[in-house]
Amino acid sequence: MNAIAIKLRLYAPLIKSLQTGLLVSTGLAGYMSARCPVFNLFTMTGLLFSLVASISGSTILNMWWDRDIDAKMGRTQQRPLAAGKIDPPEAFWVGLVLSLLGVGLAVSLDLLYGLIIFAGLFFDVVVYTIWLKRRTCWSIVWGGISGGMPILAGRVLGLGSIDETAILLSLGILFWIPTHILTFSMRYFADYHSAGVPTFPSTYGFGFTRATIATSSILAALAMGFAAWGIGMDWGFLRLLGVLSVGLLVLAIAVTVRPSERVSFGLFKYASVYMLAAMILVMIGVM
Amino acid sequence: MTHLDRVLLLITGLLAAYQVVIGIDGLSTLPMIAYTIAFGILLIASLLLIILGFDVLKSPIVVVVSTIIPLSLSLGLVWQHLAPVRTPYLILIILGFLAIIVTRTISMHNKLPTIVLATVHGISGLTIVLLPIWLSLRGEMQPLYSLVGVGGALISIGGLLLSFLKTGKPILSQATVLLVLPGLLLLMTICFVVGFMFG
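In short, a report on the structure.

Cut-off values and rules
- Residues numbered from 1 in each chain as written.
- Chains lettered and ligands numbered in written order.
- Predicted model: local features only at pLDDT ≥ 70, side-chain atom pairs only at ≥ 80, totals over all residues.
- Helix = DSSP H or I, 4+ residues; strand = E, 2+ residues; numbered from the N terminus.
- Rg over C-alpha atoms; globule rule 2.2 N^0.38 Å.
- Buried ≥ 20, exposed ≤ 12 C-beta atoms within 10 Å, placed from the backbone.
- Contact = placed C-beta atoms within 7 Å.
- Core = buried A, V, L, I, M, F, W, Y, C linked by C-beta atoms within 7 Å.
- Axes fitted to C-alpha atoms, helices over the stretch in contact; angles between N-to-C directions.
- Parallel < 35°, antiparallel > 145°, perpendicular 65-115°, else oblique.
- Left-handed = near helix turned anticlockwise from the far one by under 90°.
- Nonpolar A, V, L, I, M, F, W, Y, C, P; charged D, E, K, R; others polar.
- Expected span 1.5 Å × (residues − 1).
- Bend = angle between axes of the 7 residues up to and from the residue.

A word on the overall build of chain A. Along its length, chain A carries 14 helices and 0 strands. Traced from its N-terminal end to its C-terminal end, chain A shows the element sequence α-α-α-α-α-α-α-α-α-α-α-α-α-α. Taken against the 2.2 N^0.38 rule, which gives 19 Å for 287 residues, the C-alpha radius of gyration of chain A at 19 Å falls within 12% of a compact globule. In terms of overall dimensions, chain A has a C-alpha envelope of 50 × 50 × 35 Å along the principal axes.

Next up on the list: the overall build of chain B. Broken down by element type, chain B carries 7 helices and 0 strands. When the helices and strands of chain B are read in sequence order from the N terminus, they spell out α-α-α-α-α-α-α. What you see for chain B is a C-alpha radius of gyration of 16 Å, in line with the 16 Å of a compact globule of 199 residues. If one aligns the C-alpha atoms of chain B with their principal axes, the spans along those axes are about 40 × 40 × 25 Å. Relative to its full complement of 199 residues, chain B shows a buried share of 42%. Across chain B, contacts joining residues at least 24 apart in sequence account for 72% of those joining residues at least 6 apart.

Here we come to the nonpolar core. Of all hydrophobic cores here, the largest spans 135 residues; its most connected members are Ile117(A), Leu240(A), Ala278(A), Leu281(A), Ala38(B) and Leu43(B). The residues touching Leu43(B), leaving out its near neighbours within four places in the chain, are Val243(A), Gly13(B), Ala16(B), Ala17(B) and Val20(B).

This next bit is on the packing of helix H5 (residues 88–109) of chain A against helix H6 (residues 111–132) of chain A. Two numbers describe a pair of packed helices, the interaxial angle and the distance between the axes. All names here are of chain A. Running from N to C, H5 and H6 point in directions that differ by 155 degrees, and their axes come no closer than 5 Å. Put simply, H5 runs roughly antiparallel to H6. Between H5 and H6 the crossing geometry is right-handed. Judged by residue contacts, Ser99, Gly102, Val103, Ala106, Val107 and Leu109 of H5 engage Leu111, Tyr113, Gly114, Ile117, Phe118 and Leu121 from H6. When its residues are assigned to classes, the contact of H5 with H6 shows 9 nonpolar, 3 polar and no charged.

Contact with chain B, which involves 14 residues of that partner, is made by 12 residues of chain A. Every element with two or more residues in the side of chain B that touches chain A is listed here: helix H1 (3–22) and helix H2 (29–52) of chain B. No other element matches H2(B), which puts 8 residues into the side of chain B that touches chain A. Looking at the side of chain B that touches chain A residue by residue, the class counts come to 10 nonpolar, 3 polar and 1 charged.

Residues and elements named next belong to chain B. A rise of 1.5 Å per residue sets the reference length of helix H7 (residues 174–198), with its 25 residues, at 36 Å; its end C-alpha atoms lie 35 Å apart and thus fit the reference within 8%. Along H7, the sharpest kink reaches roughly 35 degrees, centred on Leu181 and followed within four residues by the proline Pro182. On the buried face of H7, the contacting elements are H1, H2, helix H5 (112–137) and helix H6 (146–166).

Right, let's get into the environment of Thr20(A). Following the sequence through the fold, Thr20(A) ends up in helix H2 (residues 17–34). Beyond its immediate stretch of four places on either side in the chain, Thr20(A) contacts Ile15(A), Val52(A), Ile55(A), Ser56(A) and Thr59(A).

Spatial relationships are all this shows, so hold off on functional conclusions.
In structure tokens form, the structure reads like this:
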């Protein structure tokens, strides 16, 4: 029993609970945007478990593949795989089994839903992490696309097909992810540089990176706004989403015009709060 | 910033978000926009204070942004209740806001920026404090509407404390101002929300 508890404690950081939680919430929001109020507990539970398993599995596989560069970066060298606390083949199998469980469960719920979950996992692990991450800073586009898959999948499960709103919701996440990742890559510039991972700041400089952050924030806010309009969100909730979007835009512009470590960190944190709030509004805004 | 400060600011933000969502029944477009701007800024300010801490108050833009709350609130109140002076008040508010931006942007070594700030804040602050109380006393609005005036008084106190602190002539020490600020913001927001809801 004690051994299992120790193992679980070691594996917990591999799942990146906050990031996984945020992505799962996008999937739930996508589903609830089409089926709210939700009465089908069976489908909701299936959705939840398939998302948690597939996202956790892909995150473990990413950490398994990136353990060498994680070991070179101060921010990540204490991660269990980078620090040698977990046997890599064991982590690989745990990640693979979780991923297959998630995709299998997703396919059993709905074929199209399962395909989108599989596409998200494939783009994240194979295209983003294994193929492109060490070659080009533009790999984050594929990271963004895979990040947009849970919300697309959730809405597809609720609706039975892909509509314009599902695409817009997915684009909202796709454009939000650069705000998050690029701010991170500026904050830990030296870490990424020493590990040899190409980033926007190291390839194009900080000015271009900040401009990209501002542009992607504006596009994320626009996509979320149109998507909220598309799902028929109540006028009051739309107003609130508008207010929160203005906050995101102001911070994005501040990062570009008056750059500082503090404002960049503020944007990084605010972008997470913004997306979580947007997901809650998508969930409750159509009740 | 303590955990209690963060909790108080979070509740303030949630109350402001609630007010943005429910709006105020039967309002035309302009006061709805004005109230949304006021409570929207309160919401974003609460979030930024939680994320960045009290250091965010050192930014020079705080003076301008914190002016928008009383200006837009007072504009909403005037538009809602004092129809004959709507347009002149709107013009006054726009000119006042522009004057604050100009005097804060251009470097001046006289007292003009302070005079402009005090005048604009004074007019909008007195409007928020007195108008709801006057309307309640006259029976045109429910007695609880006077809480909007109390909220106005609290926002004026907060604004004064911060303004004097930023100009280097503090009424209270910085530690005391920062100690009372989250509670003051929450109390002020409760007064506004309850006043608008039951007034």
